[in-house]
Each structure stands twice: as structure tokens, then as C-alpha cells.
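So the chains spell out like this:
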Amino acid sequence: MRWRLGRNVSVDTLPRCDFVKTIALGVNEGGIVVGAAINSAGDYTAVKWTSVTACPTPIVVNGVTMRIARGINDRGAIVGVGFSPTKGFMTGSISLPSKLDPTRRRACAGHRHVRCG
């Protein structure tokens, strides 16, 4: 289910494909769904579905695979949590669409805790 214009809207069952379990945590008006998937080893990976029939694809920010995607806005920016093996800890991440307009890039560059990409 998702909330839209003051009411719940049904969301179709999403495919798991190669994952053991999946959970949807956010959806935008374009129908792109984000969430998390668990593989057979028990590892979490943040994923997105671009349609109700597409297999979930991992979300990568600056070479680091995110663990959980919590939400996506209508412009395609995804917010979630990732694990950095080089730093050895969990970190908040934002995955931005690859084609950013110059005003968004300038706004993003002023924030040290936001990864622009």
C-alpha cells in the first residue's frame, strides 16, 4: 500500500528474482519503488524496482552498495543507509539521478554530509 492524495493505493506484488526476501519502503509518483533485499547469505542490499515486473537492482553510491533504501522523491533522489568497507561503519547516503541540473549540483556541493553523484 502507498499513500496518495489522502488515501491508500494498492501496490502490486514485486518480484524477488535472485533474492530470498524483499521489502518495499518507498515509492514515488513515477512508480519507482525502493527498499531492501536479503540474499541467501543473509546480507542486506538496497534495491529499486523500475516497474512491477522488473527484478530489483542494487543501488550503488560512490562505489558503495547501499544496504537499505528508505525513500525516493519524484525527481529520483534516493535516501538510505550504506556500509563503507574502507571506513568500517554504516553511513547515511543519498543517491541522486545521474543527470543533475546545475542548480541542484551547486546546492548539493555545499553539504559535506551529502554525496553528490
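Here, the structure is the one placed above.
Thresholds, definitions, all that
Residues numbered from 1 in each chain as written. Predicted model: local features only at pLDDT ≥ 70, side-chain atom pairs only at ≥ 80, totals over all residues. Heavy atoms only, no water. Helix = DSSP H or I, 4+ residues; strand = E, 2+ residues; numbered from the N terminus. Contact = heavy atoms within 4.5 Å. Pairing = 2+ DSSP bridges. Disulfide = S-S within 2.5 Å. Core = buried A, V, L, I, M, F, W, Y, C linked by side-chain atoms within 4.5 Å. Buried < 20%, exposed > 50% of the residue type's maximum accessible area, 1.4 Å probe, protein only.

Helix and strand counts for the protein chain come out as one helix and ten strands. Along the protein chain, helices (α) and strands (β) appear in the sequence β-β-β-β-β-β-β-β-β-β-α when read from the amino end. Relative to all contacts within the protein chain whose residues are 6 or more apart in sequence, the contacts with residues 24 or more apart total 29%.

Moving on, we get to the pairing of strand S3 (residues 21-27). Where a strand is regular, its side chains alternate between the two sheet faces. Relative to strand S4 (residues 33-38), S3 runs antiparallel, the two being bridged by six bridges. Its bridge partner lying in S4, Thr22 is registered against Ala37. Counted along the chain from S3 to the antiparallel partner S4, the turn is five residues long, and its residue Gly31 has a positive phi close to 90°.

What follows deals with the state of the cysteines. Counted according to the given criterion, the structure contains one disulfide. Across the disulfide, Cys17 is cross-linked to Cys55 (sulfur-sulfur distance 1.9 Å). Across the S-S bond linking Cys17 and Cys55, the dihedral sits near -80°, which makes this disulfide left-handed. Linking Cys17 in the loop between strand S2 (7-9) and S3 with Cys55 in the loop between strand S5 (44-49) and strand S6 (57-58), this pair joins segments that are 38 residues apart in sequence.

With that settled, the discussion passes to the sheet that holds S3. Pairing within the open sheet is antiparallel, and its four strands lie in the order S3-S4-S5-S6. A strand with exactly one partner marks an edge of an open sheet, and here the two such strands are S3 and S6. Note: S5 against S6, two bridges, orientation antiparallel. What sits directly across from Lys48, in S6, is Thr57.

As defined by bridge partners, S4 adjoins S5 across six bridges and the pair is classed as antiparallel. Note that in S5 the partner of Gly35 across the bridge is Val47. Between S4 and S5, which pair antiparallel one after the other, the connecting turn spans five residues, and Gly42 there sits at a positive phi close to 90°.

With respect to the helices and strands, the residue Pro56 is situated in the loop between S5 and S6. Through-space distance from the C-alpha of Pro56 to that of Thr45 is 10.0 Å; in sequence the pair is eleven residues apart. Contacts of Pro56, omitting those with residues within four sequence positions, involve Pro15, Arg16, Cys17, Phe19, Val47, Lys48 and Trp49.

With eight residues, the main nonpolar core is built from Val34, Ala46, Ile59, Val61, Met66, Ala69, Ile72 and Ile78. For this core, the leading source of residues is strand S8 (residues 64-72), giving three residues. The residues touching Ala46, leaving out its near neighbours within four places in the chain, are Gly35, Ala36, Thr57, Pro58, Ile59, Met66, Arg67, Ile68 and Ala69. Counting residues in each nonpolar core, the second largest holds six residues, with Leu14, Val33, Ala37 and Val47 among its members.

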